[in-house]
Amino acid sequence: MAASRSAVSVFDPDLANQPAVARLLDFADYEAEVPVHVHRKGQLILALHGAVTCTADDEIWIVPPNCGVWIPGGTPHSVRATVNAQLSYLFAEPGAANLPKVCCTLSISPLVRELVNRLAGEVSDYLPDSHAARLAQVTLDELAGMPREHFNLPISGDPKIRAIADALTIEPSDRSTLGEWAKRVAMSERSLARLMIRETGLTFGRWRQQLHLVVALRELASGAAVQTVADKLGYESVNAFITMFKKALGSTPAQYFAQRRVKLSQSRIKTGAIEVVARTHNR
């Protein structure tokens, strides 16, 4: 049976006044589409398994392995997760830490990932002098030091660019030229080219390639085969897709995800060692 509950119906983070609270969600139990909503608290979205894309601040944000999307409080946003997605949410009270004032993708260390998952096991109404409160503060302090990544697609509030983005998100294999898109949105090719650069900072070709990367990372993280993704994006061959991916991210899809699996494995070993030392110290 298809999941019928929305993830936003599970927990209202704004009912808690604590500096930070966290939740784990398995999207096999919820609708894949989380409609536009807003929190007072800032939100960090981590993908433990599968993939998720967010739309906020006129941009589409991908949540790749070992990264998270940070959404400041008061920012309307929506989420689309793959059916196999398992996500961690961290909600932070405004002013509780020196976190970015704008939406961004953050590189997430193994320690921060484990801290968020650990905090998700705590009650949301913990006391100020409790272990959970100290855990929350360490989590926020560590998160504030995470570097930014660039896994986002600017889509602008302009209705013509938004229409192109919506169409290509639904059918990313569409290889229509800039001139053909200009006719569809009732503009000259030169005017659309100028509008695209002004609104997104990218040429149409670079912008579409970035969209392809967003879709590719989402699909590959959900378990899709490289051949399937190459077909979905309209590439003539797998090699052509792999070449594009490697030029953009510095490694092939197989290498990219293998490197992240190694990092995750190493992080678990390190985290386990830290926990053993901590338990020994506290005896």
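Computed from a predicted model, the values in this text were never measured in an experiment. (Residues numbered from 1 in each chain as written. Predicted model: local features only at pLDDT ≥ 70, side-chain atom pairs only at ≥ 80, totals over all residues. Heavy atoms only, no water.)

**Some thoughts on the overall build of the protein chain**
A tally of regular secondary structure across the protein chain gives nine helices and eleven strands. Looking at the 283 residues of the protein chain, the share that counts as buried comes to 47%. Put simply, of all contacts in the protein chain between residues at least 6 apart along the chain, 75% involve residues at least 24 apart. Put simply, the protein chain shows about 14100 Å² of open surface, and 54% of that area lies on carbon and sulfur atoms. (Helix = DSSP H or I, 4+ residues; strand = E, 2+ residues; numbered from the N terminus. Buried < 20%, exposed > 50% of the residue type's maximum accessible area, 1.4 Å probe, protein only. Contact = heavy atoms within 4.5 Å. Areas by Shrake-Rupley, 256 points an atom, 1.4 Å probe, with all protein chains shown as cover.)

**A look at the packing of helix 6 (residues 204–221) against helix 8 (residues 238–249)**
For the pair helix 6 and helix 8, the least separation of the axes is 11 Å and the interaxial angle reads 100 degrees. Considered as vectors, helix 6 and helix 8 are oriented roughly perpendicular to each other. Counting all contacts with helix 6, which are made through Gln209, His212, Leu213, Ala216, Leu217 and Leu220, the residues of helix 8 involved are Phe241, Met244, Phe245, Ala248 and Leu249. Across the contact of helix 6 with helix 8, the residue classes tally to nine nonpolar, two polar and no charged. (Axes fitted to C-alpha atoms, helices over the stretch in contact; angles between N-to-C directions. Parallel < 35°, antiparallel > 145°, perpendicular 65-115°, else oblique. Nonpolar A, V, L, I, M, F, W, Y, C, P; charged D, E, K, R; others polar.)

**Brief notes about the packing of aromatic side chains**
Throughout the structure, instances matching the rule amount to six aromatic pairs. Members of the aromatic cluster, connected to one another through ring pairs, are Tyr235, Phe241, Phe245 and Tyr256. If you follow Arg23 out to its NZ or CZ, it ends over the ring of Phe11, 4.1 Å from the centre. A cation over a ring is seen here: Arg184 above Trp181, with NZ or CZ 4.2 Å from the ring centre. (Phe/Tyr/Trp six-rings, centres within 6.5 Å; stacked < 30°, edge-to-face > 60°. Lys NZ or Arg CZ within 6 Å of the ring centre and 35° of its normal.)

**Thoughts on the sheet that holds strand 5 (residues 59–62)**
Taken together, the five strands give an open sheet; going across it, the order is 2-7-4-5-11, and neighbouring strands pair in antiparallel fashion. Two strands close off the open sheet at either side, each with one partner strand: strand 2 (33–37) and strand 11 (152–154). The sheet shows a mean angle of 15 degrees between the axes of neighbouring strands, direction not considered. Pairing of strand 4 (residues 52–56) with strand 7 (residues 77–81), which is carried by five bridges, proceeds in the antiparallel orientation. In the sheet register, Cys54 faces strand 7, and the bridge partner there is Val79. (Pairing = 2+ DSSP bridges.)

**Side note on the sheet that holds strand 3 (residues 42–49)**
The strands making up a sheet associate through backbone hydrogen bonding, with each pair oriented either parallel or antiparallel. Spatially, the six strands line up as an open sheet ordered 1-8-3-6-9-10, and their pairing is antiparallel. Among the strands making up the open sheet, the edge pair consists of strand 1 (20–26) and strand 10 (148–149). When strand 3 meets strand 8 (residues 86–92), the two strands line up antiparallel, connected through seven bridges. Looking across to strand 8, one finds that Ala47 is bridged to Leu87. Taken strand by strand, helix 2 (residues 131–143) contacts strand 1, strand 3, strand 8 and strand 9 (104–107), and its axis lies near 95 degrees from that of strand 8.

**As for the pairing of strand 6 (residues 67–71)**
Within strand 6, five of the five residues are buried, which leaves it mostly tucked inside the rest of the structure. Burial along strand 6 is two-sided: the face carrying Cys67, Val69 and Ile71 and the face carrying Gly68 and Trp70 are both buried.

**Focus: the packing of helix 1 (residues 110–119) against helix 2**
Where helix 1 meets helix 2, the closest approach of the two axes is 10 Å, and the angle between their N-to-C directions is 150 degrees. With respect to each other, helix 1 and helix 2 are oriented roughly antiparallel. Considering the relative orientation of helix 1 and helix 2, their crossing is left-handed. Here Leu111, Val112, Leu115, Val116, Arg118 and Leu119 of helix 1 lie close against helix 2, whose contacting residues are His131, Ala132, Leu135, Ala136, Val138, Thr139, Glu142 and Leu143. Among the residues forming the contact of helix 1 with helix 2, the class breakdown is ten nonpolar, two polar and two charged. (Left-handed = near helix turned anticlockwise from the far one by under 90°.)

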